[in-house]
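Report on the structure
Listed below, chain by chain, are the residues.
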Amino acid sequence: MSRAALDNFISDGLWTNILQSVTDPISIISADHLVIWANVGDDTGFVRLKGRPEGRLCYEVFMDRRGPCPDCPIEPVFKTGRPHVADKWLPSLAGHGGRWSEVHSYPISDEEGRVLYVVKIGIDVTEQRKDQRRDLRYVEQLERSAREMLVSNEPRETEADGAGLTPREEQVLRCVAQGMTNKEIAALLTISHHTVKSHVINIFNKLGVNDRAQAAATAARMGLA
C-alpha cells in the first residue's frame, strides 16, 4: 500500500468511526512522533484533552513531556518492523495519580515494507499490577516467616520441647500463631495439606487446646509467636 493510499485509509470516515467506538485508547503515530489520529473522547481510555491531538507530538499531548519518552513503545517498531508490547506508567495530566497500561504497538507498512506509521493500543492493567504487588508482598512475607523459623538448626531446650512437640510441629505451630491456613502452611513448608492437618491435630492434643486461637495463645506464651 502506498503512502497516499495509507493516508486515504486513515482519513476514511467509516474506518475512524469504527475505531472511535473502541474504549481502549488507540492512536496512530508517525516516525517523527506526530499524532496522525487518536480515538479521543469521553468514552475512551484517553484523558480528556484540550483540543484534538492530531498534528501534535505524542509525548507532549499524552505524556506532558518536552522530549520522547525513554521507554518509547513505538521506536522499536520503526526500527525492527515488528509488533512490540511494553508496560508503561501513564501519569494523569491533572497532576496526580496515573495508571499502568500494557501498550501494544503495530506497524503500518508500505508496499516496500517501510514502516510509515505505528498503531498504538493501550490496555489498562492497573488493577492487575496492584494484584501482582499484593501477591509479591504476600510471598515475601512467607519467605521471611520461613527464614525466621529455619534460621537456626541448633538444638535448644524450649517449652515446646517440654510439651513433646517435634521440630516440624513447632514450625507448624509458629505458622498457626501467625494466622496461616493449612493450605498456606503446606505451601510454605512444602508438605501436603493432609500432613499439615495431622500436625495440627497432634499439636492440639499435646498442648491440650481445642482450636487455633488457643494454640496461638499458647504459642505466644511459649515464645513461638
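Description of the structure in this document. (Residues numbered from 1 in each chain as written. Predicted model: local features only at pLDDT ≥ 70, side-chain atom pairs only at ≥ 80, totals over all residues. Heavy atoms only, no water.)

1. Re unusual backbone geometry
For clarity, the cut-off: Numbering of helices and strands runs from the N terminus; a helix is a DSSP stretch of H or I covering at least four residues, while a strand is a stretch of E covering at least two. The cut-offs for exposure are 20% and 50% of the maximum accessible area for each residue type, with area from a 1.4 Å probe on protein chains only; residues under the lower value are buried, those over the upper are exposed, and the others partly exposed.
Phi at aspartate 64 takes a positive value of approximately 55 degrees, unusual for a residue other than glycine. Here aspartate 64 shows up in the loop between helix 3 (58-61) and helix 4 (75-80). What makes aspartate 64 exposed here is its relative accessible area of 63%. The phi dihedral of threonine 190 is positive, around 50 degrees, even though this residue is not glycine. Among the structural elements, threonine 190 can be located in the loop between helix 8 (182-189) and helix 9 (193-207).

2. Describing the pattern of salt bridges
Threshold: When a carboxyl oxygen of Asp or Glu lies within 4 Å of a side-chain nitrogen of Lys or Arg, that pair is called a salt bridge.
All chains considered together, the criterion is met by five salt bridges. The salt bridge involving arginine 114 is made with glutamate 112; its shortest N-O contact spans 3.3 Å. For the pair formed by arginine 114 and glutamate 112, the shared burial category is exposed. Taking the shortest distance from any N to any O, the salt bridge between lysine 206 and glutamate 169 comes out at 2.8 Å. With lysine 206 in helix 9 and glutamate 169 in helix 7 (residues 167-177), this residue pair connects regions lying 37 residues apart in the sequence. Residue classification places lysine 206 among the partly exposed residues on the basis of a relative accessible area of 35%.

3. Focus: the nonpolar core
Defined as follows: Here, the term nonpolar core denotes a set of buried Ala, Val, Leu, Ile, Met, Phe, Trp, Tyr and Cys residues that are joined through side-chain atoms within 4.5 Å. The contact criterion used throughout is that any non-hydrogen atoms of two residues lie within 4.5 Å.
Membership of the largest hydrophobic core comes to 21 residues, with the highest contact counts inside it found for Val172, Leu173, Ile185 and Leu207. Breaking this core down by element, the ones donating at least two residues are helix 7, helix 8, helix 9 and helix 10 (212-222). Those residues within four positions of leucine 173 in sequence are excluded, and the remaining contacts are Leu165, Ile203, Leu207, Ala215, Ala219, Met222 and Leu224. In terms of nonpolar packing, the next biggest core, distinct from the first, is built from 16 residues, Ile29, Val40, Cys58 and Val115 among them.

4. A closer look at the packing of helix 7 against helix 9
Going by this rule: Think of each axis as a best-fit line through the C-alpha atoms, taken over the contacting stretch in the case of a helix, with angles from 0 to 180 degrees between the N-to-C directions. Roughly parallel here means an angle under 35 degrees, roughly antiparallel means over 145, roughly perpendicular means 65 to 115, and every remaining angle is called oblique. Each residue gets one label: Ala, Val, Leu, Ile, Met, Phe, Trp, Tyr, Cys and Pro are nonpolar, Asp, Glu, Lys and Arg are charged, and the others, such as Gly, are polar.
Running from N to C, helix 7 and helix 9 point in directions that differ by 90 degrees, and their axes come no closer than 10 Å. Classed by the angle they form, the pair helix 7 and helix 9 counts as roughly perpendicular. When helix 7 is examined against helix 9, the residues Arg168, Glu169, Val172, Leu173 and Val176 are found in contact with a partner set consisting of His199, Val200, Asn202, Ile203, Lys206 and Leu207. Tallied by class, residues from the contact of helix 7 with helix 9 come to six nonpolar, two polar and three charged.

5. Considering helix 8
Note the threshold: As used here, the arc is the angular range of directions from the helix axis to the C-beta atoms.
The set of residues buried in helix 8 consists of Asn182, Ile185, Ala186, Leu188 and Leu189. When helix 8 is viewed along its axis, its buried side chains cluster within an angular range of 165 degrees and face the same direction. Within helix 8, the exposed residues directed more than 90 degrees away from the buried face are Lys183 and Ala187. Looking at the residues trailing helix 8, positive phi occurs at threonine 190, about 50 degrees.

6. Quick word on the packing of helix 9 against helix 10
The cut-off we apply is this: In this scheme, a crossing is called left-handed if the near helix is turned counterclockwise away from the far one by less than a right angle; it is called right-handed if the turn is clockwise.
Packing of helix 9 against helix 10 leaves a shortest axis separation of 11 Å and a crossing angle of 65 degrees. The pairing of helix 9 with helix 10 is recorded here as roughly perpendicular in orientation. For the crossing formed where helix 9 meets helix 10, the hand is left-handed. On helix 10, the residues that touch Val200, Phe204 and Leu207 of helix 9 are Arg212, Ala215, Thr218 and Met222. Per-class residue counts for the contact of helix 9 with helix 10 are five nonpolar, one polar and one charged.

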